[in-house]
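Now for the letters of each chain:
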Amino acid sequence: MADIQDYNSTPKYETFSYLPAMTPEKMRRQIAFIVSQGWNPGIEHVEPARAFNYYWYMWKLPMFGEQSVDAIIAELEGCHRAHPNNHVRLIGYDNYSQSQGSSFVVFRGREAGL
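Note that the structure is predicted; figures quoted are calculated from it, not measured.

Participant: Help me understand the overall build of the protein in this model?
Facilitator: What the protein contains, in helices and strands, is two helices and four strands. Each helix (α) and strand (β) of the protein, taken in turn from the N terminus, gives the series α-β-β-α-β-β. Of all 114 residues assigned to the protein, the portion counted as buried reaches 36%. In the protein, once contacts between residues fewer than 6 apart in sequence are set aside, the share between residues at least 24 apart is 60%. Surface exposure of the protein reaches about 7700 Å², of which carbon and sulfur atoms provide 53%.

The following block contains the structure:
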């Protein structure tokens, strides 16, 4: 077991967390992609300590048919203001395949002990 190293890295959430942090413009383009695909945006949040072991809490209902990127960003920011220590993620629900077409963390909460 001496060959195994722990790099003490920050936990990774969703696909984009393995890439450099998204700029506001890149985040806006990802949200625009969700809208262009006809997916319904949904917002979820959870305490960092519970992120891997539990379902995330839904913020209001999914935004069925929402076409405005600004309205989606406003809801993401509203969720973050209401729960500043939680992770907040955006999900694009695909009606056709009845699954998540996209999901990424928009705001990271404070990790325990940091």
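Still more ground to cover, so stick around.
Participant: Hey, could you run me through the sheet that holds strand β1 (residues 40-46) in this one?
Facilitator: Strand order in this open sheet of four strands is β2-β1-β3-β4, and the pairing throughout is antiparallel. Of all strands in the sheet, those with a lone pairing partner are β2 (57-59) and β4 (99-107), marking the two edges. Neighbour-to-neighbour, the strand axes of this sheet turn through a mean angle of 35°, independent of strand direction. Bridging between β1 and strand β3 (residues 87-94) involves seven bridges; their strand directions are antiparallel. Looking at β3, one finds that E44 is bridged to R89.

Participant: Explanation requested: the nonpolar core in the structure shown.
Facilitator: Generally speaking, soluble globular proteins have nonpolar side chains that are buried together. Grouped together as the largest cluster of nonpolar side chains are 17 residues, with contacts concentrated most on I31, I43, I72, L76, L90, F104 and V106. Where this core is concerned, the elements lending two or more residues are α1 (24-36), α2 (69-82), β3 and β4. With sequence-adjacent residues up to four places away left out, I43 is seen in contact with Y57, M58, W59, M63, I72, E75, L76, C79, V88, R89 and L90.

Participant: Got a minute to help me understand α1 in this structure?
Facilitator: Residues three or four positions apart in an α-helix share a direction because the helix packs 3.6 residues into each turn. Under the 1.5 Å per step criterion, the end-to-end length of α1 is 18 Å for 13 residues, consistent within 8% with the ideal 18 Å. Taken as a whole, α1 has its buried residues at M27, I31, I34 and V35. All buried residues of α1 fall inside an arc of 100° around its axis, so they share one side. Lining the buried residues of α1 we find α2, β3 and β4. At the exit of α1 stands G38, carrying a positive phi of roughly 80°.

Participant: Is there a simple way to explain the packing of aromatic side chains in this structure?
Facilitator: In this description, an aromatic ring pair is defined by two values, namely the gap between the centres and the angle between the planes. Under the counting rule described, the total for this entry stands at one aromatic pair. Judged by centre distance (5.7 Å) and plane angle (90°), the ring pair of F33 and W39 falls under edge-to-face.

Participant: Looking at this structure, how should I read the side chain of N40?
Facilitator: Its location among the elements puts N40 in strand β1. N40 gets classed as buried once you look at its relative accessible area, which sits at 6%. Within the structure, the side chain of N40 is placed 2.9 Å from the backbone nitrogen of G65, a separation counted as a polar contact. For N40, the residues in contact, after removing those within four places along its chain, are M63, F64, G65, I91, G92, Y93 and N95.

How each quantity is defined
- Residues numbered from 1 in each chain as written.
- Predicted model: local features only at pLDDT ≥ 70, side-chain atom pairs only at ≥ 80, totals over all residues.
- Heavy atoms only, no water.
- Helix = DSSP H or I, 4+ residues; strand = E, 2+ residues; numbered from the N terminus.
- Buried < 20%, exposed > 50% of the residue type's maximum accessible area, 1.4 Å probe, protein only.
- Contact = heavy atoms within 4.5 Å.
- Areas by Shrake-Rupley, 256 points an atom, 1.4 Å probe, with all protein chains shown as cover.
- Pairing = 2+ DSSP bridges.
- Axes fitted to C-alpha atoms, helices over the stretch in contact; angles between N-to-C directions.
- Core = buried A, V, L, I, M, F, W, Y, C linked by side-chain atoms within 4.5 Å.
- Expected span 1.5 Å × (residues − 1).
- Arc of directions from axis to C-beta.
- Phe/Tyr/Trp six-rings, centres within 6.5 Å; stacked < 30°, edge-to-face > 60°.
- Polar contact = N/O pair within 3.5 Å; in protein donor to acceptor, adjacent residues only side chain to side chain.

Keep in mind these numbers describe shape, not what the thing actually does.
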